[in-house]
Every structure is written in structure tokens, then in C-alpha cells.
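Examination of the molecular architecture
Listed here are the chains, written in short residue letters.
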Amino acid sequence: MKTALVMLVAVLCLWVQPSGCASILAIFPLGGMSHWQVFRGLLVELSRRGHRLTVVTPFQQEGDPWNHIQTKPNLGGGGGGGGGGGGVNFLDFGKLSHQQQFLLMFKIGEQFCQELMEDEGVQSLINSQDEEFELLIIEAFFHDCLLAFAHKFKTPIVGACATGAGATWTHAMVGNPYPLSYLPEIGVAYTTNMNLFQRTYNIFSALTFNAYRHYFYLPALDQMVQKYFKDPSIPPLAKLESNTSLMLLNTHFSFDYSRPLVPNIIEIAGMHIKTPKKLPQDLQIFMDTATDGVIYFSMGSNIKSTDFPEDMRNIFLKVFSKLKQKVLWKLETESLPNQPANVKISKWLPQSDILAHRNLKFFITHGGMMSVQEALHFAVPLLGVPIYGDQEPNLLKVQSLGYGIMLLFNNITEKSFQWAVNELLLNPRYVENARKYSRLFHDRPQKPLDTAVYWTEYVLRHKGAYHMRSGALDLTWYQYFLLDVIFFLLVCILSALLVMTITIKYVVKYIFGTKHSASEKKKSAKND
């Protein structure tokens with residue numbers, strides 16, 4: 001009787017929702033809270049729709065509706081400019097060149113994978129004999145080694161990229177074109193309007209990153225996979241990632257550059273943004289009573305304002321003290337020397353709810369992708385101070401669209417900061433542009449979370465949906481760029497020219513040789 005009941009429930013579940021009741025493995029091991037917040041809502045919604053989830057992450061909340069495998073918060077965990085997880089000091093990291101930053105991230109990624117492979121929770125999955133999954137959802141970041149689980153459990157792959165449009169290699173996983181002539185590589189602070197030297201640098205950066213990733217990074221991870229999984233049938237990671245069924249990109253063309261997308265790349269920017277809630281009482285009073293408005297200042301979850309040089313903090317305080325507006329500053333300390341009366345500090349602030357408040361004037365931010373999207377969602381202008389990674393390119397887009405100003409960290413002076421603050425407070429065009437692009441950001445056929453859920457279940461319903469797979473993935477690089485065709489045509493043209501040259505030479509020689517022979521015969525006959 002019990003067996004019959006279980007079978008009946010299973011049949012009803014499949015009948016009600018073809019993709020329902022699937023067993024899903026979700027891997028989000030990065031210690032950065034902002035990355036986790038982007039995709040947590042997707043996992044919650046998938047669970048609510050009846051799917052059984054096992055989630056590998058360092059983050060856990062009471063009542064999480066899934067089987068949780070705890071990992072250590074590495075590579076961005078712990079937050080702070082003074083050293084986040086994985087030994088990253090973000091302020092020092094930001095002093096490196098763009099290329100140094102990303103090449104260092106590959107090295108840190110190797111260390112991260114090594115630690116993950118030895119993690120007790122990950123080991124339990126590696127050594128499991130009875131676990132079965134129908135889908136792998138994995139963040140596309142610097143832990144490619146865990147793609148090996150797609151082979152172990154024979155599942156399709158859904159990639160989840162929190163860093164905007166991602167890098168050239170993110171797009172390469174699904175065979176998506178990435179025209180470097182007008183699309184900057186990840187972290188390159190250019191717009192789509194690049195001059196000759198910028199395009200040259202852009203291509204050089206992309207080639208450098210992809211060559212290092214292909215010839216050094218992925219082979220090192222392949223060795224780790226073989227060491228820990230002990231399965232010689234696991235193909236190279238470069239082969240595994242080319243079987244990615246779907247890529248969810250945390251971007252949208254309303255604020256990012258327009259780009260070609262294959263059917264299995266889906267834009268889901270803003271998926272993490274929830275309906276604003278009422279603020280805690282002290283903050284509600286602070287915001288409501290700000291008749292001249294409020295400026296919100298936060299450098300995100302990884303960078304600590306307390307790690308700023310003292311002279312930098314003094315510049316901010318001097319400018320803030322001259323304002324009629326109030327300032328709400330996320331600052332990781334209990335007290336602030338020389339704190340002006342109009343400045344309120346707090347170690348944690350409900351950012352999205354603050355950005356939704358009617359009295360907010362603008363947002364001083366590091367330019368992280370999630371902060372940029374939340375500001376755009378609520379039509380809030382930005383004053384950006386980028387530190388590392390994709391922050392400068394993000395803010396360059398904001399500045400080019402006219403709803404923000406960017407100040408480079410090392411160039412901030414009291415005069416430049418005062419100018420930027422006054423410009424945002426007094427010039428109405430920043431608010432007007434913020435509202436314009438916010439309308440574009442909201443104008444979609446369905447909410448981004450619904451879009452992400454639909455396409456994830458689409459992959460489940462169609463057993464990997466490999467009919468969306470691009471044929472570009474089956475070509476070598478020289479075939480993709482038609483170099484073999486160009487070479488073939490050049491050989492044909494050169495061969496034709498060679499044949500023509502030989503033919504013309506032979507014909508000319510034959511004609512003039514015949515004439516010369518006839519002339520000689522005539523001379524000979526006359527002499528006789």
C-alpha cells in the first residue's frame with residue numbers, strides 16, 4: 001500500500017509539473033555574500049516549486065529549504081579591505097594593474113580549488129555512492145574544478161555568473177560570440193567606442209587571460225580533479241564546460257553594452273532585488289526627518305571604509321560637515337573621531353530598503369555589480385569610487401549613461417569630492433537619467449526571477465536542452481575564425497596565379513619561339 005502511494009505521488013508530481021520534483025545540486029562556494037545573494041532567491045524559488053536541492057555554500061540561514069553542505073568562506077569570505085577570504089587584501093589588490101588582478105585571481109582560484117577538494121562536505125559528495133542528481137547549478141567563477149560533479153552525476157550544467165556579463169571564457173562555455181572590436185574584456189575600463197590602441201590592448205588582455213587559463217589554469221585543475229575524484233573517465237574541464245546547457249548572466253542590456261547572445265544565455269539582472277520593507281525605527285526616523293535629503297555611503301561587503309587612509313576619511317568628513325543633507329555611512333566601527341552632527345554610521349545597513357526611500361539623493365558606492373543594479377532599480381544617481389575588478393568598468397558605464405560620476409580612489413581630493421557631491425545635488429540631469437534607465441531596466445516581459453526559473457526548468461524538462469547548443473563549440477579556434485577557409489582560398493588563389501604565370505610564360509615562349517624559328521628558317525633560305 002505504501003509503495004503504491006509513493007508511486008501515485010510521483011506520477012501526480014510529474015503530471016502537474018513536467019520539470020517538478022527534480023533533484024538539483026547547487027554549488028556556490030564563494031565566500032562573497034554579494035555573489036550568494038544574487039542566486040539565493042533562485043534556489044529558494046526552485047525549492048518552493050517542489051525541487052529537492054542540495055546546496056554547497058558557506059552561507060546558511062535558519063529555515064533554508066534544502067540539504068546544506070557547509071564549506072569554509074574562502075575567496076572573498078569574511079569581507080574587508082584588510083583581508084577577505086582566500087588571503088585577499090582588497091585595497092592592496094586594487095593597486096595592481098587590471099591584468100595583474102585577473103592573473104592573480106587564476107592563481108588564487110587554484111588555491112581555492114585545492115581547499116575545496118579537501119573540504120569535508122565536498123569530500124562527502126566526491127565519495128558518495130548513492131546520491132543522484134538531475135541538474136548541476138554552479139557559479140561560473142574561479143572554482144571550475146567542481147564541474148567534475150557534472151560528470152560524476154551525469155547531469156546537465158547551468159552556469160550562474162554574478163559578475164555582470166562575465167568574461168570571454170564565460171561566453172565561450174556556450175559558444176557565444178564576443179566581438180572584442182567593440183566589447184571590452186572583463187575588467188577592462190573601456191566603452192564600446194574604442195580607438196585603435198584601446199582595441200589592441202583589449203584583444204591583448206583577452207588573449208593573455210584565455211591563453212593562461214587554457215594552458216596553465218585548467219590543466220592544473222585537471223590534475224586536482226584526477227587526484228581527488230580518482231576517475232580516469234572524467235574528461236578535461238575544458239571539454240566539460242563546453243557541455244554547459246544554460247548560462248544565467250547577471251546583466252541586462254538597459255545598462256550594459258548591447259551584445260549578441262545565443263539562445264542559452266539568459267540575462268537575469270535584478271533577480272536578487274526584493275520589494276522594499278519598512279526600515280528599522282531609528283533609520284526610518286533619520287530618513288523621514290531629512291528635509292534636505294540623505295546621501296547613502298557604502299563600499300559593499302568586501303571593502304571596509306575603516307581601512308581607508310586617515311587623510312581620505314578626513315576628506316569625506318570635511319565635505320560632509322558642510323552639507324545641509326544628512327549622510328548615512330556604512331562604517332565598520334562603533335565610533336568615528338570628528339564625526340559631524342549630520343553623519344550617522346552603522347556597521348550594517350539594509351541597502352535596498354534605504355535606496356527605495358523618497359528622501360535619498362544619491363549613493364556613494366564602490367561600483368559593485370549588485371549595488372549598481374539596486375541603485376538603477378530605484379532610480380538613484382551614483383558617485384562611484386572603484387577599488388578593483390569590474391568596479392571601474394561598471395562605473396564607467398554609469399558615467400557614460402549620465403546618471404553618475406566616477407572618482408578614482410587615488411585621485412580623490414577635497415576639491416574633487418566637493419565638486420562631485422555638489423554636481424549630483426544641484427544638477428537635475430543625473431536624476432532624470434537615473435529615472436530614464438530605471439524605466440528601461442524594469443521594462444521586461446517578465447520578472448528576472450521568473451525568467452531564471454523558467455529557463456532552469458526548461459533545461460530540466462528537455463534533459464539538458466542540447467538543441468540550444470551552439471555549433472561553434474564543435475569547431476577549433478582556427479575553424480571558428482575561418483582561418484582554414486582563408487588559408488584554403490589563399491592557396492587556391494596562389495595556385496591559380498602560379499598556373500596562370502606558368503601558362504602565360506609557356507605560351508609567350510611558344511609564340512615567340514615559333515616566330516624566332518620561322519625567322520631563322522627564312523634567313524637560312526635567303527643565304528642559300
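Examining the pairing of strand 10 (residues 343-346)
- Here strand 10 shows one buried face, formed by V343 and I345, and one open face, formed by K344 and S346.
- Note that strand 9 (residues 326-330) and strand 10 share 4 bridges and pair parallel. Bridge assignment links L328 to a residue of strand 10, and that residue is K344.

A word on the side chain of S205
- Within the secondary structure, S205 is located in helix 8 (residues 196-229).
- On the basis of relative accessible area, S205 is assigned to the buried category, the value being 0%.
- Among the polar contacts listed, one links the side chain of S205 to the side chain of Q99, at a separation of 3.1 Å.
- In this structure, S205 is in contact with H98, Q99 and V188, ignoring residues within four places of it in sequence.

Notes on the sheet that holds strand 8 (residues 294-298)
- Spatially, 6 strands are ordered 10-9-8-11-12-13 in an open sheet, and the strand pairing comes out parallel. Edge positions in the sheet fall to strand 10 and strand 13 (404-406), since each of these pairs with one other strand and no more. Across the sheet, the mean angle separating the axes of adjacent strands is 15 degrees when strand polarity is ignored.
- Pairing of strand 11 (residues 360-365) with strand 12 (residues 382-384) involves 3 bridges; the strand directions are parallel. Along strand 12, the bridge assignment pairs I364 with L383.

Considerations on the pattern of salt bridges
- In this structure the tally under the stated criterion is 16 salt bridges.
- Put simply, R213 and E241 hold a salt bridge, and the shortest N to O gap is 2.8 Å. With R213 in helix 8 and E241 in helix 9 (residues 237-241), this residue pair connects regions lying 28 residues apart in the sequence.
- A relative accessible area of 5% places R213 in the buried class.
- With its nearest N and O atoms 3.6 Å apart, the salt bridge here joins K344 to D282. One end of the pair, K344, is in strand 10; the other, D282, is in helix 10 (residues 281-288), and 62 residues separate them in sequence.
- Through salt bridges with shared partners, a single ionic network connects D144, R213 and E241.

Parameters and conventions
- One numbering rule holds for all chains: residues counted from 1, following each sequence as written.
- The predicted origin of the model limits local features to residues at a pLDDT of at least 70 and limits the giving and counting of side-chain atom pairs to 80 or more, whereas totals for whole chains, interfaces and linings rest on all residues.
- Side-chain numbers come from the whole structure's heavy atoms, not from hydrogens or water.
- Categorising residues by exposure relies on relative accessible area from a 1.4 Å probe, with only protein chains included: less than 20% of the type maximum marks a residue as buried, more than 50% marks it as exposed, and the intermediate range marks it as partly exposed.
- We count a stretch as a helix when DSSP gives it H or I for four or more residues in a row; a strand needs E for two or more, and each element gets its number in order from the N terminus.
- One requirement defines pairing of two strands: DSSP has to find at least two bridges between them.
- Any pair of N or O atoms that falls within 3.5 Å is considered a polar contact. Within protein, one atom must be able to donate a hydrogen and the other to accept it, and sequence-neighbouring residues count only if both atoms are side-chain atoms.
- Contacts between residues were defined by any pair of non-hydrogen atoms, one from each residue, lying within 4.5 Å.
- Simply put, an axis is a line fit to the C-alpha atoms, just over the touching stretch for a helix, and the angle between two N-to-C directions goes from 0 to 180 degrees.
- We count a salt bridge whenever a side-chain nitrogen from Lys or Arg sits within 4 Å of a carboxyl oxygen from Asp or Glu.

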